[in-house]
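Fold and contact review
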Amino acid sequence: LATMMALRLPGLHRRRSLTGAYLSSRGTSSSAVTSVLLRTASSPRTGRPLASASSSLASRAGVSASHVSFKRTGELSLAFTATSISSHLPSTSCRANSSLASAHPLPAAPWLTHNTSGTDSMGTSAVTSRSPPKYANFINGQFVASESTRLIDVTDPATNSVIAYVPQSSTEEMQMATDAAKAAYLKWREVPVQQRQRIMLQLQGLIRDNHDELAYLITAEQGKTLSDARGDVFRGLEVVESACSIGDLLLGETIENLADGLDCVSYRQPLGVCSGVCPFNFPAMIPLWMFPIAITAGNSFIIKPSEKTPGACMMLAQLAKEAGLPDGVLNVIHGAKDAVDYLCDAPDIRAISFVGSNTTGEYIHARGTSNGKRVQANLGAKNHSVILPDYPKTTAKAIAGAAFGAAGQRCMALSAAVFVGDAKAVVTDIVEEAKKFTVGCGFTEGVDVGPLISPESKTRVEQLVTQAIEQGAKLELDGRGTLVNGYTGNFVAPTILSNVDPSNIAHKEEIFGPVLVCLEANTLDDAIELINNNPYGNGCAIFTQNGACARKFQHEIDVGQVGINGECSFVLRYGYNCTMVPPFLLT
């Protein structure tokens, strides 16, 4: 577990842990993880109809299921009636050719309140009881409405309409969560691991039962397609499954006769109160990376979901309570920088896990470690593929899917392609594959690329493309200025840049959008050198039919995860490394 405390920072060796341990380029493996994945693959998946999301959410929120309606005409729309909402929320259509599109409303839920007096992110004080709901904190097993008057907008990226508010929790509220976690830990650590695993077993069942409800919340707030949202949930679910058999990972070590008549026994013990700071791009998967492993290991946990996409995390907290998790073991607080600073500074919090941008991650690592905390920081990436002249026929399709899926908003997106020799001819095929991608609202059937998370993200992506062209890149496919009829969201279509120099800004920066950067190299050795010189080392792939070249690449590349042919690899296509285990154990 200690070797997974990898800090990916430019200027530091990309695969050295904070303790100096070296991580294998082939990753790590676990018999527990392997067995869970095999069992998952062999068991049929429950495919509940989307309409079933309504009754479960309505029941959990105390709303009559008869007040929930679904319009099944190729898209999903959801309407709720509750005492705090005037009449029915309008059924909304997500067809790209609709003349008018409104935001998808958030269904009534115990973590949403309508006591939203205060000021929004623009400083406007006209927040009334008829405004979108406000998220509550989850403290000591209860959803507690925040008294903070400082609110952050949660918007639908397809329309940029405000659909909810997130409070910037006060220091007193965050301390309440810490006190609850600290008190719960003292009892929770004494619970046998078998009992903690059983709660995870109940949780994974509840996540399966509420799979579509979680996916709806993700698409409504993050914008990704429903299929991507379902994958977001499922990949997090796999970590919960791993937690169900965590016992082997908690074993200590012994050595007999360390000295004359002296035996040595070591134990793995939980740290105490741990915390997590989550990004916007995987609202279910990344919280599920963090708290299931931590709490099953005997810790209590405080999690701060992204202020842009908090809904899925709140529902997961509710499901954890329903699974039997004792009050106080899991707590959720909301906020922005002030909440992050609190988690870094609070003396009762022993560890922080973070996934997100370099700037924020470097800040959290520096501030957290300066306060003596154990910090896991997973930061930015620039993932390369190398295409040799003997590339397989499926190469163009595989690269397009890995580059543009999830609108490129994932740390494992395949954002750079290095073409060796004559392999650059495949660029034309990749362009043709990219043109097949449909851009639009994530709820619309047949859409492949949803909106970016915010107008600021769209502006940044388009500006980086413009700057890259000014620095000599050739525009093969232009997705800037994309309009989806009836929507005012943050849409950028697949974009491809060729003739890119390694010093070009499009190669040096993590664009975090549906942009593929194409570079050229004369030999495989040149391509390997180009990738190894890049400060990011998250994942990579090679496309070739030559086994010797594939082996050479896998052996010499200085990157943590390597894919060979086909769909690049599971991690590049889906942005997920199932062997990552947060360092929440004290050895």
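Every chain is numbered on its own, with residues counted from 1 as its sequence reads. Predicted model: local features are reported for residues with pLDDT of at least 70 only, side-chain atom pairs are reported and counted for 80 or more only, and whole-chain, interface and lining totals are derived from all residues. Side-chain metrics rest on all non-hydrogen atoms present in the structure, leaving aside hydrogens and water.

1. Notes on the confidence of the model for the protein chain
As a note on interpretation, predicted positions should not be read in detail where pLDDT is low. The predictor reports its confidence for every residue as pLDDT, a score running from 0 up to 100. Taken over all residues, the pLDDT of the protein chain has a mean of 82, while the share at 70 or more is 76%. Confidence drops under a pLDDT of 50 for residues 1-56, and excluding neighbours within four residues, the segment shows 115 contacts in the predicted structure. Residues are treated as being in contact if the distance between any of their heavy atoms lies within 4.5 Å. Scored below 50 in pLDDT, residues 567-587 makes 88 contacts in the model with residues more than four places away or belonging to other chains.

2. Digging into the packing of aromatic side chains
Given two aromatic rings, one states the distance between the centres and the angle between the planes to describe the pair. Geometry of aromatic contacts follows a simple scheme: Phe, Tyr and Trp rings, the Trp one being its six-membered ring, pair when their centres are within 6.5 Å, and the pair is stacked under 30 degrees between planes, edge-to-face over 60, tilted otherwise. Under the defined criterion, the tally for this structure stands at six aromatic pairs. Seen in terms of ring centroids, Trp111 and Phe143 are 5.9 Å apart; in terms of plane orientation they differ by 55 degrees. Their pairing is tilted. Of this pair, Trp111 sits in the loop between strand E2 (78-79) and strand E3 (112-113) while Phe143 sits in strand E6 (residues 142-144); the two residues are 32 residues apart in sequence, bridging distant segments of the chain. Plain terms: the ring middles of Phe280 and Phe512 are 6.1 Å apart, the flat faces sit at 85 degrees to each other, and that makes the pair edge-to-face. Within this pair, whereas Phe280 is found in the loop between strand E12 (273-277) and helix H7 (285-296), its partner Phe512 is found in the loop between helix H14 (505-508) and strand E21 (515-521), the two being separated by 232 residues in sequence. On the accessibility criterion, Phe280 (15% relative accessible area) is buried. Secondary structure elements follow DSSP: runs of H or I of four or more residues count as helices, runs of E of two or more count as strands, with numbering from the N terminus. Burial classes follow relative accessibility: with a 1.4 Å probe on protein chains only, a residue under 20% of its type's maximum area counts as buried, one over 50% as exposed, and anything between as partly exposed.

3. Things to note about the sheet that holds strand E22 (residues 539-543)
Strands are treated as partners if at least two bridges between them are detected by DSSP. Read from one edge of the open sheet, seven strands run E19-E20-E21-E18-E17-E22-E23, paired in mixed fashion. The open sheet has two edge strands, strand E19 (474-477) and strand E23 (561-564), and neither has a second partner. The sheet shows a mean angle of 25 degrees between the axes of neighbouring strands, direction not considered. Pairing between E22 and E23: four bridges, direction parallel. Note on E23: the bridge partner recorded for Cys540 is Val562. Along the sheet, helix H11 (residues 395-404) makes contact with strand E17 (383-387), strand E18 (414-420), strand E20 (495-498), E21 and E22, crossing E21 at roughly 130 degrees. In this description, a line fitted to the C-alpha atoms serves as the axis of each element, helices being fitted only across the stretch in contact, and the angle between N-to-C directions of two axes falls anywhere from 0 to 180 degrees. Lying on the sheet, helix H13 (residues 455-470) is in contact with E19, E20 and E21; it crosses E20 at an angle near 25 degrees.

4. Quick word on the pairing of strand E16 (residues 374-378)
Among the five residues in E16, four count as buried, and that is most of the element. With five bridges joining them, strand E15 (residues 349-355) and E16 adopt parallel strand pairing. Pairing of Ser353 across the sheet is with Gln376, part of E16. With its strands directed away from the observer, a crossover is right-handed exactly when the path from the first strand over the helix to the second travels clockwise. Note on the crossover from E15 through helix H10 (residues 358-370) to E16: the handedness is right-handed.

5. Some thoughts on the packing of H11 against helix H12 (residues 427-435)
Helix packing geometry: the angle between the two helix axes and the distance between the axes. Where H11 contacts H12, the axes come no closer than 9 Å and their chain directions differ by 55 degrees. Here H11 lies oblique to H12, going by the angle between them. In terms of crossing hand, the pair formed by H11 and H12 is right-handed. Across from Ala396, Lys397, Ile399, Ala400 and Phe404 in H11, the residues of H12 making contact are Asp429, Ile430, Glu433 and Ala434. Polar here means any residue outside two lists: the nonpolar Ala, Val, Leu, Ile, Met, Phe, Trp, Tyr, Cys and Pro, and the charged Asp, Glu, Lys and Arg; Gly therefore counts as polar. Across the contact of H11 with H12, the residue classes tally to six nonpolar, no polar and three charged. Here the angle decides the label: under 35 degrees means roughly parallel, over 145 means roughly antiparallel, 65 to 115 means roughly perpendicular, and every other value means oblique. Left-handed describes a crossing in which the near helix is turned anticlockwise from the far one by less than a right angle; the clockwise case is right-handed.

6. Observations concerning the nonpolar core
The nonpolar core is taken to be a set of buried Ala, Val, Leu, Ile, Met, Phe, Trp, Tyr and Cys residues, with the residues joined through side-chain atoms within 4.5 Å. Within the largest apolar cluster, 107 residues are counted, with the highest numbers of intra-cluster contacts made by Tyr135, Leu203, Ile207, Phe291, Phe301, Val386 and Phe553. Here this core gets nine residues from one element, more than from any other, and that element is H7. For Phe291, the contacting residues outside a window of four places in its chain are Leu203, Phe301, Ile303, Leu316 and Leu330. Membership of the second largest hydrophobic core comes to 23 residues, among which are Ala434, Leu516, Cys518 and Ala541.

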